[in-house]
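# Overview (structure and organization)
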Amino acid sequence: MADAIQYKLMGEIAILTANNPPVNALSHAVRQGLIDGIERAENEAKAVVIVGGGRTFFAGADITEFGKPFVEPGLPSVCARIERSPLPVVASLHGTALGGGLEVALGTHYRIAIPSAKVGLPEVLLGLLPGAGGTQRLPRVIGAENAIDIITSGRQVGASEALKLGIIDEIADGDVEEIGVAYAERLLKAGKGPRPVADLPCPTAIDFDAAYDLALKKGRGQIAPATAIRAIEVACNTNFDEGIEQERQMFMTLLASPQSKGMIHAFFNERAVSKLPELKGVEPRALNALGVIGGGTMGAGITVAALLAGLDVTMVERDAAAAEAGAGRVAGILQGSVKRGKLSQDKYDAIMAGGFRAVDNYDALADVDLVIEAAFEEMGVKKAIFAELDRVCKQGAVLASNTSYLDVNEIAASTSRPSDVIGLHFFSPAHVMKLLEVVVADQTAPDVVATGFALGKALRKISVRSGVCDGFIGNRILKTYRTCADHMVLDGASPYEIDKAMTAFGFAMGPFEVGDLAGLDIGWATRKRLAPTRDPHERVSTYPDKMCEAGNFGQKTGKGYYIYEKGKRGGTPDPEVTKLIEAERAELGITARDFSHEEIQRRYMCAMINEAAKVVDEGIARRPLDVDMVLLFGYGFPRHWGGPMKWADMQGLDSILADINRYAEEDDFFWQPSDLLTRLVAAGKSFDDLNKGDTV
Ligand code: CAA
């Protein structure tokens, strides 16, 4: 490889240019190159400019090196070496100067950026804290409070805000090397020398205990943001060298933690999940004009997502009034975005004037490239719609169903072009939720699959391939862990204890709160649909049906597992529900027993992992990482555990299997250990081994 840092002398100024595509990660060769470049410059130049080649300044430490043996020089020494140079050193920023990238910039003496540049310390998003002086230098430059905001959120800060805060000294438009050199020339002319941040006084202390407690609460069990606050506290209370030492220790502790392993797993696999080997070289079909069938919550959400991505959308409803209502929903969502400042009025006007129409006539879909049916979940309804689509759509149009559990093979077979049919399962609200399950049926053509993934990319979704089964990857696994929660309720845990235990695990909401939010009538309809096929050995609770029969569907009716009062956030437990549960236990002759939070979490997770392993074994999900991404982006699984399969690996698969076998002694119908899990344990392998291509 060419030099990772290219050295060039321009008059009195040495220019060090990073050359480590794609994002100039600070890998070993780059770090060594920076030290060599500074040393050489000190022999032949009067000032130094550091710039990034290609699309960005350094985007951070090289994450692929984490967990491997550490090779000197480390990033803290590189920053210190730059800072202690007797020459003035300028960082000229473009793209994203993130993590170690901003830390290198803070190690230089002057910082200039082009207007589109962004800076940030996103280490907490990897379960870490800035480990190359970021927690010590940033507060010295912008104060403890601002540093806490930037470091604990991990957010990217635009150039103008960075200038206001004092993170950078100047903004200039133009070529990043030229503006850096011009700045260095001005500094030399003005006789300016080095200006080390380390020499600035300690920032003023704030109430760190309160900030720490708040970060722990906000982080739902994440330890990195709270630990970063302790590191910033050190910056306020001790000298720079001691601060760097303590920051390093905290960084190394976090690096060894399961949470950072989980978050690094999430970082790489949210990128890897949609890169399917089978699609290499397969060109997606054209994707400009979209049709959406149905203007309900789902259809409107999908339409908004597509319009925001610049696609043209024709929405079809059954009559003019329904089309108008659908258009109203779309306008309402977009107006909400304008109000919140997420969408400009101009863009809103352009979308409503040009790219969107709602009609009551399928013939309007004659020229669209892809149609997404988001109508009522009933096979007869779907088949009637697909017959219409088959009649009106041009040859080569992709016909997609947003069904969340129905058989896509059966839908495909009802058309004359099954190879053009695919499932595209969005999650509600579809313009917000990141997950898209791309459901590949038996006859779906590869370029139709590629088109599904291309749509996901255009809509900025995380797209995951799924095979066909009832519920696909996500809803099938959900059904199992939800059933496990229902069993625990019958045996003595309250829905409220289960919700508490699972939020303590890191979920944003517990399963019963989610049920209330989504609408309990959905589960009720599924139970009724599956009742004829139910095995007599299956344990089913009937109290949720009684709640539904009484018209209590959750938040939308003001009552579900919880009671909701208008204008109040969240609900309070409903004693009537507790009575229904107690009555059912009495009827079944069950004596309620206590469940600890730990036991609830363990059983819930074991049910999730066991079903997920079956989903992988059957090829519905190709790899464990596909399951992890589905749960992270569609079901609120805590990112700091990386996903259920990553969490299982970190717990040890043998201990998970042992618990499942133990639970099976009580109920061997529900707890049937996955064959894949059993084979993995026997072979001493992990789910991650399967991600890497291993087999058992
Ligand atoms: N190390 C190694 N690889 C990295 C990387 C990093 N820091 N950042 C990005 N990459 C890789 C990605 O995995 C991806 O690889 P593939 O093409 O093989 O999938 C490739 O670079 C391009 O990345 P994106 O697809 O994400 O490109 P983008 O343009 O959409 O986004 C980005 C670019 C904003 C820099 C984004 O990649 C990003 O946020 N990167 C992580 C930044 C970060 O977290 N930095 C802090 C690192 S930790 C640290 O620095 C610790 C410390 O204090 C010492």
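Attention in this report is confined to the structure presented alongside it. Model, not experiment: these values are computed from the prediction. (Residues numbered from 1 in each chain as written. Predicted model: local features only at pLDDT ≥ 70, side-chain atom pairs only at ≥ 80, totals over all residues. Heavy atoms only, no water.)

### Regarding the site of the ligand
What counts is decided by this rule: For this purpose, a residue is taken to be near a molecule or strand whenever a single non-hydrogen atom of the residue falls within 4 Å of it. Think of a polar contact as two N or O atoms within 3.5 Å of one another; within protein, one of them needs to be a possible hydrogen donor and the other a possible acceptor, and neighboring residues in sequence only count if both atoms come from side chains. Under the convention used here, a 1.4 Å probe and the Shrake-Rupley method define accessible areas, while residue burial counts only the protein chains that appear. Counting from the N terminus, the helices are DSSP H or I runs at least four residues long and the strands are E runs at least two residues long. Gly is placed with the polar residues, together with every amino acid not listed as nonpolar (Ala, Val, Leu, Ile, Met, Phe, Trp, Tyr, Cys and Pro) or charged (Asp, Glu, Lys and Arg).
The immediate surroundings of the ligand are formed by 25 residues, with R55, A61, E103, R271 and K275 found nearest. At a separation of 2.9 Å, a nitrogen atom of the ligand approaches a polar backbone atom of I63. Taking G131, its main chain carries an N or O atom lying 3.0 Å from an oxygen atom of the ligand. If the ligand stood free it would expose 990 Å²; the protein chains cover 73% of that surface. When residues of the shell around the ligand are traced back to their parent elements, those giving at least two are β5 (96-98), α3 (100-107) and α11 (258-272). When its residues are assigned to classes, the shell around the ligand shows 14 nonpolar, five polar and six charged.

### Remarks on unusual backbone geometry
For clarity, the cut-off: Working definition: with a 1.4 Å probe on protein chains only, accessible area under 20% of the residue-type maximum means buried, over 50% means exposed, and in between means partly exposed.
Cis geometry marks the peptide bond from P21 to P22; its omega dihedral reads 5°. Within the fold, P22 resides in the loop between β2 (13-18) and α1 (28-44). The backbone of N24 shows a phi angle near 55°, a positive value even though the residue is not glycine. On the secondary structure map, N24 appears in the loop between β2 and α1. Look at R220: it is not a glycine, yet its phi comes out positive at around 45°. Mapped onto the elements, R220 comes out in the loop between α8 (208-218) and α9 (224-237). Under the relative-accessibility criterion, R220 is labelled partly exposed at 41%.

### Some thoughts on the pattern of salt bridges
To keep it simple, the criterion reads: Any Lys or Arg side-chain nitrogen located within 4 Å of an Asp or Glu carboxyl oxygen qualifies as a salt bridge.
Scanning the entire structure with this criterion turns up 48 salt bridges. Here E65 ties to R31 by a salt bridge, and the two come within 3.0 Å at their closest N and O atoms. Taken together, the positions of E65 in the loop between β3 (47-52) and α2 (75-83) and R31 in helix α1 put the pair 34 residues apart, joining distant regions of the chain. Take E65: its relative accessible area is 26%, and that puts it in the partly exposed class. Look at R31 and you get buried, because its relative accessible area is 6%. R186 is paired through a salt bridge with E170; the nearest N and O atoms lie 3.0 Å apart. A residue pair is termed long-range when its members are at least 10 positions apart, and R186 in helix α7 (residues 176-189) and E170 in strand β9 (residues 170-171) qualify at 16 residues. In the salt-bridge network here, residues are joined through shared partners; they are R593, E599, R603 and E666.

### Looking at the sheet that holds β9
Defined as follows: Strands were regarded as paired on the criterion that DSSP finds at least two bridges between them.
Ordered by their spatial adjacency, six strands build an open sheet running β1-β2-β3-β4-β6-β9, and the pairing between neighbours is mixed. At either margin of the open sheet sits one strand with a lone partner, and together these are β1 (5-10) and β9.

### A look at α9
Basically, it comes down to this: Multiplying 1.5 Å by the residue count of a helix minus one yields the expected span of that helix.
Taking 1.5 Å of rise per residue, 14 residues should cover 20 Å, and α9 covers 20 Å from first to last C-alpha, within 8% of that figure. Along α9, 11 of the 14 residues are buried, which leaves the element largely enclosed by surrounding structure. Residues of α9 that are buried: A224, P225, A226, T227, A228, I229, A231, I232, V234, A235 and C236.

### A closer look at the sheet that holds strand β7 (residues 118-120)
Note the threshold: Contact between two residues is taken to exist if any of their heavy atoms lie within 4.5 Å; hydrogens are not considered. To obtain an axis, a line is fitted to C-alpha atoms, over the contacting stretch when the element is a helix, and the angle between two such axes runs from 0 to 180 degrees between their N-to-C directions.
Spatial strand order, β5-β7-β8: three strands in an open sheet with mixed pairing. Bordering the open sheet on either side are β5 and β8 (157-158), each of which pairs with just one other strand. Pairing analysis gives three bridges linking β5 to β7, with the strands arranged parallel. Across the sheet, L98 pairs through a bridge with G120, a residue of β7. Each of β5 and β7 is contacted by α3, which is oriented at about 85° to β5, the strand it contacts most.

### Looking at the side chain of S541
Within the secondary structure layout, S541 lies in the loop between α21 (520-530) and α22 (543-549). If we skip the residues at most four places from it in the chain, S541 touches D486, L490 and E584.

### Some thoughts on the packing of helix α19 (residues 495-505) against helix α20 (residues 511-518)
Condition: Put simply, angles under 35 degrees are roughly parallel, angles over 145 are roughly antiparallel, angles from 65 to 115 are roughly perpendicular, and the rest are oblique.
Between α19 and α20, the least distance of the axes is 7 Å, while the angle of their chain directions is 105°. For the element pair α19 / α20, the angle class is roughly perpendicular. When α19 is examined against α20, the residues P495, I498, D499, M502 and T503 are found in contact with a partner set consisting of P511, F512 and E513. A class-by-class count of the residues in the contact of α19 with α20 yields five nonpolar, one polar and two charged.

### Observations concerning the nonpolar core
Threshold: Here, the term nonpolar core denotes a set of buried Ala, Val, Leu, Ile, Met, Phe, Trp, Tyr and Cys residues that are joined through side-chain atoms within 4.5 Å.
Ranked by size, the top nonpolar core spans 83 residues in total, and within it I50, F58, L93 and L138 carry the most contacts. Broken down by element, this core gets its largest block of residues, eight residues, from α9. With near-sequence residues (within four places) excluded, L138 lies in contact with L106, L121, G133, G143, A147, I150, I151 and I167. Counting 73 residues, the second-largest nonpolar core is a separate cluster that includes Y496, A607, M608 and V630.

### Regarding the packing of aromatic side chains
Where we set the bar: Two aromatic rings, drawn from Phe, Tyr or Trp (for Trp, its six-membered ring), form a pair once their centres lie within 6.5 Å of each other, and the interplanar angle then sorts them: stacked below 30 degrees, edge-to-face above 60, tilted otherwise. In this scheme, Lys NZ or Arg CZ marks a charge over a ring once it lies within 6 Å of the ring centre and within 35 degrees of the ring normal.
Overall, the coordinates contain 19 aromatic pairs when judged by the stated rule. When the centroid spacing of 6.1 Å and the interplanar angle of 80° are considered together, the rings of Y110 and Y183 count as edge-to-face. Of this pair, Y110 sits in strand β6 (residues 110-113) while Y183 sits in helix α7, and the two are 73 residues apart along the sequence. On the basis of relative accessible area, Y110 is assigned to the buried category, the value being 5%. Considering the side-chain rings of Y663 and W671, the 4.8 Å spacing of their centres and the 50° angle between planes classify their relative orientation as tilted. Using a relative accessible area of 4% as the deciding quantity, one classes W671 as buried. Clustering of aromatic rings is evident, with ring pairs tying together Y481, F505, F507, Y604, F637, W641 and W647. Of note, R230 hangs over the ring of Y212, and the distance from its end group to the ring centre comes to 4.1 Å. Geometry around F267 places R271 over its ring, the cationic atom sitting 3.9 Å from the centre.

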